[in-house]
Amino acid sequence: QVQVVESGGGLVQAGGSLRLSCAASGRIFSINPMAWHRQAPGKQRELVAAITPGGITNYGDSVKGRFIISRDNAKNTVYLQMSSLKPEDTAVYYCNMVTRSGITWGQGTQVTVSS
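Description of the structure in this document.

Criteria and cut-off values
- Residues numbered from 1 in each chain as written.
- Predicted model: local features only at pLDDT ≥ 70, side-chain atom pairs only at ≥ 80, totals over all residues.
- Heavy atoms only, no water.
- Salt bridge = Lys/Arg side-chain N within 4 Å of Asp/Glu carboxyl O.
- Buried < 20%, exposed > 50% of the residue type's maximum accessible area, 1.4 Å probe, protein only.
- Helix = DSSP H or I, 4+ residues; strand = E, 2+ residues; numbered from the N terminus.
- Lys, Arg positive; Asp, Glu negative; His and termini not counted.
- Polar contact = N/O pair within 3.5 Å; in protein donor to acceptor, adjacent residues only side chain to side chain.
- Contact = heavy atoms within 4.5 Å.

**Considering the pattern of salt bridges**
All chains considered together, the criterion is met by four salt bridges. Arginine 38 is the partner of glutamate 46 in a salt bridge, and the nearest nitrogen-oxygen pair spans 2.6 Å. Look at arginine 38 and you get buried, because its relative accessible area is 6%. Here aspartate 89 and arginine 38 are joined by a salt bridge, their closest N and O atoms 2.9 Å apart. Placement of the pair is aspartate 89 in the loop between strand S8 (77-82) and strand S9 (91-99) and arginine 38 in strand S4 (residues 34-39), with a sequence separation of 51 residues.

Structural data, given as structure tokens:
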């Protein structure tokens, strides 16, 4: 069984920065794709950023140039460095890991950007 736990959310002013972390643990036998999604109230969950085992990244259009996803394979941890934050970035941010068993999601971490 795999567990995924997010941390680092909080309240920040517009223009500020935050760094989210996502640590995976459990029965992990290989380096797996990981991603961040977010869901704002009343909206569908959307992709924020994804990273392959080899470090290839993909970003949602709304965060390109502002957010950076990275990973530490030795720690099974993925990070999301968020800069130039906007009020519309306010959401619950979820991390997931894709394994042969399926997709494991974390409980999410709240990010609130005040104007």
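**Some points on the side chain of glutamate 6**
Here glutamate 6 shows up in strand S1 (residues 2-7). The buried charged residue glutamate 6 lacks any salt bridge partner; its closest oppositely charged side chain belongs to arginine 45, at an N-O distance of 7.4 Å. Side-chain polar atoms of glutamate 6 contact the backbone nitrogen of glutamine 107, separated by 3.1 Å. Excluding residues within four positions of it along the chain, glutamate 6 makes contact with Ser21, Cys22, Trp36, Tyr93, Tyr94, Cys95, Gly106, Gln107, Gly108 and Thr109.

**Quick word on the environment of glutamine 110**
Relative to the elements of secondary structure, glutamine 110 occurs in strand S11 (residues 109-114). Its relative accessible area of 39% is what places glutamine 110 among the partly exposed residues. Taking the C-alpha atoms as reference points, glutamine 110 and asparagine 73, 37 residues apart in sequence, are found 25 Å from one another.

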